Amino acid sequence: MNIPSPFITLTTDFGTSDVYVGVMKGVILNINPNVQIVDITHAVSPQNIHEAAFTINSAYRFFPKGTIHVIIVDPGVGSDRQAMVCKTEDGFFVCPNNGVLSYLLQHLESEEDGTSEAVIIENPTYILPRVCNTFHGRDIFAPIAAHLSLGVSLADIGTPIRNLIRFPFPAIHTTHDTLTGQIINVDSFGNLITNITEKVLIDFLLSSESNEGTVGELDKHTISSQFEIKAGRTSLKKLNGTYAESEAGKPLAIIGSFGLLEIAINLGNAEAHLGLKSGDKVIVRRSV
Amino acid sequence: MNIPSPFITLTTDFGTSDVYVGVMKGVILNINPNVQIVDITHAVSPQNIHEAAFTINSAYRFFPKGTIHVIIVDPGVGSDRQAMVCKTEDGFFVCPNNGVLSYLLQHLESEEDGTSEAVIIENPTYILPRVCNTFHGRDIFAPIAAHLSLGVSLADIGTPIRNLIRFPFPAIHTTHDTLTGQIINVDSFGNLITNITEKVLIDFLLSSESNEGTVGELDKHTISSQFEIKAGRTSLKKLNGTYAESEAGKPLAIIGSFGLLEIAINLGNAEAHLGLKSGDKVIVRRSV
Amino acid sequence: MNIPSPFITLTTDFGTSDVYVGVMKGVILNINPNVQIVDITHAVSPQNIHEAAFTINSAYRFFPKGTIHVIIVDPGVGSDRQAMVCKTEDGFFVCPNNGVLSYLLQHLESEEDGTSEAVIIENPTYILPRVCNTFHGRDIFAPIAAHLSLGVSLADIGTPIRNLIRFPFPAIHTTHDTLTGQIINVDSFGNLITNITEKVLIDFLLSSESNEGTVGELDKHTISSQFEIKAGRTSLKKLNGTYAESEAGKPLAIIGSFGLLEIAINLGNAEAHLGLKSGDKVIVRRSV
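Computed from a predicted structure; not experimentally measured.

Draft legend 1. Fine view of the overall build of chain A. Along its length, chain A carries 7 helices and 16 strands. Within chain A, buried positions represent 59% of all 288 residues. Sequence separation of at least 24 residues holds for 65% of the intrachain contacts in chain A that already meet a minimum separation of 6. Per element, the accessible surface of chain A, about 11,800 Å² overall, is 50% carbon and sulfur. Where the 20 positive side-chain charges of chain A centre and where its 30 negative ones centre are 5 Å apart.

Draft legend 2. Region of the structure containing the interface of chain C and chain B. With 31 residues of chain C at the interface, the matching set in chain B holds 30 residues. Summed over both partners, the interface of chain C with chain B buries about 2,500 Å², with 60% contributed by carbon and sulfur atoms. The largest contributions to the chain C side of the interface with chain B come from Phe62, Phe189 and Ser257 of chain C, which together make up 26% of the buried area. At the junction of chain C with chain B, the criterion picks out 1 salt bridge. Close ionic contact of Glu198 of chain C with Arg130 of chain B constitutes a salt bridge, the shortest N to O distance being 3.0 Å. If you look at where chain C meets chain B, you find 10 residue pairs in polar contact (both at pLDDT 80 or more). Among the elements of the structure, strand 2 (36–41), helix 2 (49–59) and strand 14 (251–255) of chain C are those that each provide at least two residues to the side of chain C that touches chain B. With 5 residues, the top contributor of residues to the side of chain C that touches chain B is strand 2 of chain C.

Draft legend 3. Representation of the pattern of salt bridges. All names here are of chain B. For the structure shown, the criterion picks out 27 salt bridges over all chains. Where Asp39 meets Lys25, a salt bridge forms, and the shortest distance between an N and an O atom there is 3.0 Å. Here Asp39, found in strand 2 (residues 36–41), pairs with Lys25, found in helix 1 (residues 20–31); they are 14 residues apart in sequence, far enough to count as distant.

Draft legend 4. Region of the structure containing the sheet that holds strand 2 of chain C. All names here are of chain C. Overall, mixed pairing links the 7 strands, which are arranged 2-1-3-5-4-6-7 in an open sheet. In this open sheet, the two strands that pair with only one neighbour each are strand 2 and strand 7 (160–161). One ladder, built from 4 bridges, connects strand 3 (residues 67–72) with strand 5 (residues 91–96); its direction is parallel. Bridge pairing in strand 5 places Thr67 opposite Gly91.

Draft legend 5. Quick look at the interface of chain C and chain A. Counting residues at the interface gives 30 residues for chain C and 31 residues for chain A. Of the roughly 2,500 Å² buried between chain C and chain A, counting both surfaces, carbon and sulfur atoms make up 60%. Of all residues in chain C, Val19, Tyr20 and Thr134 of chain C give up the largest surface area on contact with chain A, accounting jointly for 21% of the area buried on that side. For the pair chain C and chain A, the interface holds 1 salt bridge. At the boundary of chain C with chain A, the tally comes to 10 residue pairs in polar contact (both at pLDDT 80 or more). Ranked by residue count, the leading element in the side of chain C that touches chain A is helix 1 (residues 20–31) of chain C, at 8 residues. A breakdown of the residues in the side of chain C that touches chain A according to their chemical character gives 14 nonpolar, 11 polar and 5 charged.

Draft legend 6. The packing of helix 2 (residues 49–59) of chain B against helix 3 (residues 102–109) of chain B, seen in detail. Residue and element names in this part refer to chain B. In the contact formed by helix 2 and helix 3, the axes pass within 7 Å of each other and the chain directions differ by 45 degrees. The angle between helix 2 and helix 3 falls in the class oblique. Of helix 3, the residues touching helix 2 (which contributes His50, Ala53, Phe54 and Asn57) are Ser102, Tyr103, Leu104 and His107. Among the residues forming the contact of helix 2 with helix 3, the class breakdown is 4 nonpolar, 4 polar and no charged.

Draft legend 7. Geometry of helix 1 (residues 20–31) of chain A. Residue and element names in this part refer to chain A. Along its 12 residues, helix 1 runs 17 Å from first to last C-alpha, staying within 8% of the 16 Å computed at 1.5 Å per residue. With 10 of 12 residues buried, helix 1 is to be regarded as a mostly interior element. Residues of helix 1 that are buried include every one of Tyr20, Val21, Gly22, Val23, Met24, Lys25, Gly26, Val27, Ile28 and Leu29, and no others.

Draft legend 8. Region of interest: the pairing of strand 3 of chain C. All names here are of chain C. The element strand 3 is extensively covered by neighbouring structure, given that 6 of its 6 residues are classed as buried. Both strand 1 (residues 7–12) and strand 3 contribute to a ladder of 5 bridges, which runs parallel. Note that in strand 3 the partner of Thr11 across the bridge is Ile71.

Draft legend 9. Main features of the relation of the copies chain C and chain B. The transformation that overlays chain C on chain B combines an axial shift of 0.0 Å with a rotation of 120 degrees, and the residual RMSD is 0.0 Å. Classification of the inter-copy transformation places it as that of a three-fold axis. Using C-alpha coordinates, one finds that chain C approaches the rotation axis most closely at Gln36 of chain C, a distance of 5.0 Å. The fraction of interface residues of chain C whose copies in chain B are also interface residues is only 3%, indicating that the copies meet through different surfaces.

Draft legend 10. Local environment of the relation of the copies chain C and chain A. Screw-axis analysis of chain C against chain A gives a translation of 0.0 Å along the axis, an RMSD of 0.0 Å, and a rotation angle of 120 degrees. When the interface residues of chain C are mapped onto chain A, a mere 3% of them again fall at the interface, so the copies present different faces.

Draft legend 11. Broad picture of the confidence of the model for chain A. On average, residues of chain A score 91 in pLDDT, and 92% of them are at 70 or above. As a predicted assembly, this complex carries a pTM of 0.92 together with an ipTM value of 0.92.

Draft legend 12. Just the packing of aromatic side chains, in detail. Per the stated rule, a full pass over the model turns up 33 aromatic pairs over all chains. An angle of 85 degrees between the planes, with centres 5.5 Å apart, marks the rings of Tyr60 of chain A and Phe93 of chain A as edge-to-face. Residue Tyr60 of chain A is found in the loop between helix 2 (49–59) and strand 3 (67–72), and its partner Phe93 of chain A is found in strand 5 (residues 91–96); the two are separated by 33 residues along the sequence. According to the relative accessible area criterion, Tyr60 of chain A is buried, its value standing at 3%. Phe93 of chain A gets classed as buried once you look at its relative accessible area, which sits at 0%. Residues Phe14 of chain B and Tyr20 of chain B carry aromatic rings whose centres are separated by 6.2 Å and whose planes lie at 65 degrees to one another, so their mutual orientation is edge-to-face. With respect to class, Phe14 of chain B is no different from Tyr20 of chain B; both count as buried. In this structure an aromatic cluster arises from ring pairing among Phe14, Tyr20 and Phe135 of chain A together with Phe54, Tyr103, Phe167, Phe169, Phe189 and Phe258 of chain B. When the ring centre of Phe204 of chain A is taken as origin, the NZ or CZ atom of Arg286 of chain A, which lies over that ring, is 4.6 Å away.

Draft legend 13. A look at unusual backbone geometry. Residue and element names in this part refer to chain A. Notably, Gln47 is not glycine yet its phi reads approximately 60 degrees, a positive angle. Its identity is not glycine, yet Leu267 carries a phi of approximately 60 degrees, on the positive side. Looking at the secondary structure, you find Leu267 in the loop between strand 15 (260–265) and helix 7 (270–274). Under the relative-accessibility criterion, Leu267 is labelled partly exposed at 41%.

Draft legend 14. Expanded view of the environment of Gly268 of chain B. Within the secondary structure, Gly268 of chain B sits in the loop between strand 14 (260–265) and helix 7 (270–274). Here Gly268 of chain B falls in the partly exposed class, since its relative accessible area comes to 24%. The spatial distance from the C-alpha of Gly268 of chain B to the C-alpha of Ser45 of chain B is 23 Å, given a sequence separation of 223 residues. When near neighbours in sequence (up to four residues on either side) are disregarded, Gly268 of chain B contacts Gln47 of chain A together with Phe189 of chain B.

Calculation criteria
- Residues numbered from 1 in each chain as written.
- Chains lettered and ligands numbered in written order.
- Predicted model: local features only at pLDDT ≥ 70, side-chain atom pairs only at ≥ 80, totals over all residues.
- Heavy atoms only, no water.
- Helix = DSSP H or I, 4+ residues; strand = E, 2+ residues; numbered from the N terminus.
- Buried < 20%, exposed > 50% of the residue type's maximum accessible area, 1.4 Å probe, protein only.
- Contact = heavy atoms within 4.5 Å.
- Areas by Shrake-Rupley, 256 points an atom, 1.4 Å probe, with all protein chains shown as cover.
- Lys, Arg positive; Asp, Glu negative; His and termini not counted.
- Charge placed at Lys NZ, Arg CZ, Asp CG, Glu CD.
- Buried area = accessible area lost by both parts, 1.4 Å probe.
- Salt bridge = Lys/Arg side-chain N within 4 Å of Asp/Glu carboxyl O.
- Polar contact = N/O pair within 3.5 Å; in protein donor to acceptor, adjacent residues only side chain to side chain.
- Pairing = 2+ DSSP bridges.
- Nonpolar A, V, L, I, M, F, W, Y, C, P; charged D, E, K, R; others polar.
- Axes fitted to C-alpha atoms, helices over the stretch in contact; angles between N-to-C directions.
- Parallel < 35°, antiparallel > 145°, perpendicular 65-115°, else oblique.
- Expected span 1.5 Å × (residues − 1).
- Least-squares fit on C-alpha atoms with pLDDT ≥ 70 in both.
- pLDDT = per-residue confidence, 0-100.
- Phe/Tyr/Trp six-rings, centres within 6.5 Å; stacked < 30°, edge-to-face > 60°.
- Lys NZ or Arg CZ within 6 Å of the ring centre and 35° of its normal.

What follows is the structure, encoded as structure tokens:
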């Protein structure tokens, strides 16, 4: 037995206009009426595994330890792709084995105690009696999450697996004077979120300077005139500390709430006005 | 007194961009702070009673027995249409008497123990002191649901009614070699859901064959080459077991999670690509 | 210490397609796992303080006393605008000091016991250790709300402030025979909600008549032929008691569920069909 958890979160591409999400909640509450269910989002773009992976990795660490996270973006539903439960120090992840944990597993490995174990969902005791091949959310993932919240152990659910599927990450290329990443997510405000972490950016910007041991919070003033961030036709010469530092309507670069470099417009929508989208390159060039 | 219930679900056409749903939750929690409220959906098309009827019938059976379901798609709000509570073996349904329970009542009658009783909402004790004629959700349905969750009985709420309003169902026509139904719902993935149940389809496809007692799960292989499903210009010759059986982008027919025949596109949106919509005919033709 | 509250509501412009709302819920449940979180709406138009002010004022009074309301529409996030907690007889309001409480404070003052007190959020004990300047919802407002729900007192959170920011209200102009207000909100049904309250309208319509002490519920019949409501090219000569009193598709005027004059279309969308929008004038003219 595991320790029972009072929380289950849901991350899906089901939208909220159909009954699918409501039905999953009914199934969960039928098995464990005492659990509290929290929606992370149901608006992942249909069948977009990459977006789902970004979403759960951005959210899970803010929930109580032991929380059970259900992630269903599952283009292969009903095929022979595996359904699984992955357990980490932070909680449980119930999902298809199709890459939706890619960012999370990468993040785990970058931490010292980042171990994980996973099993294939096999035991029919913990799923609905009749499984429909178009809605494993209802028939497999929801009941498994509910049983986990009651304390059922991974060993009881199925056989261990080691090879969790991961998609290739959007790469970051570095040369002597450039760092090239890309936009990996656009939020509903139109903020363009890149795969360049604060740490990678600091290390790159400081590596040509005679700084020793200065890595920490970015000192925007020290380096403010020494680089250019370019994305499409947008060129930015400094890193903002707040949106409000820039005039309304002006594009800006900032380390956003995910700890990633973002391109935004103060009081505006960068996606709509800069003609940029997910996948577009973002190049940081420094004077050396 | 009834047995108190810890769950109230909400199905409305209120959307989630206004305060209406939040206000209803406030009213409920003010009366019973211990109830858990679950959204089924608030995105029923405005004033679409048929869609509401499909929605609640698809969802209610997955919730714990005794759950109180509030369904508000109410074009006649404030007129002399009745507000009611209907009680079945499965739970309570709080709604206008305007047809939103049509599918559910039909489904009940097809089951052996499918009894129901209903009352008109009359007792002012259980509704808000001042009723606004444009928002019975807040002033009548939410407080009634909250009082039901505390154990108030139907007899205490109002007078029994027998004639629950039902809309005429989209018909299914059968000839010697054709079965004609129609698309009754389109989900947010663009899947086209028909009114042809798995059982009706099996019975039709098997009735010309020398099968005895084979009704049960559909044996797709046995009958795979013996029929054609036609909707608009789309013609399908087999019934999939999973989406993934078909190539990406190809239309397919499948018994979906509602137990109904659906037309879908693997990894795509059938509504957008096949030019089909709710109300369109779907014809199954068999070789005899 | 305050009395702990079991409820926190959320009103934001974050949308529900990103992780922001889910993350805030995680932060709250991490601090107080026993609180129930209710969404009022996350679809306030981006950075629209006026709409947020209308929303929270329309919703808060339906929640149990002591409920903690978090309102985050915060174009100045990260700038020197203050983050605050305001406490009234009804509950707590956690928000930027940027005008989002304008309607609520006005409403309070119109009531006899409408006192309020407010503090700036200062004590680092009750916020996250590292504050990101683009997401105070997660790092400041959510943890403060969670600590309030545990009973932390205002005095413990920060220094009192008196000058809560309010925006100038859309004015109502009255002449001898006209009352001019404006559309201040459009709901998702397309109903056009004005800033003319039932009381203002009654007082205006009755003031020329020899009525003494008749103020109370509007007697629509008495005054039905004595006035015209004009908005754009729409002219209405009576006040409906229900939508259904008018033919389907016809525009109508009605006192809606907010207690405000609304222009609507029975079974239709007034915004879409009448060419009217937020900010447009609505003129009531009476025969004298």
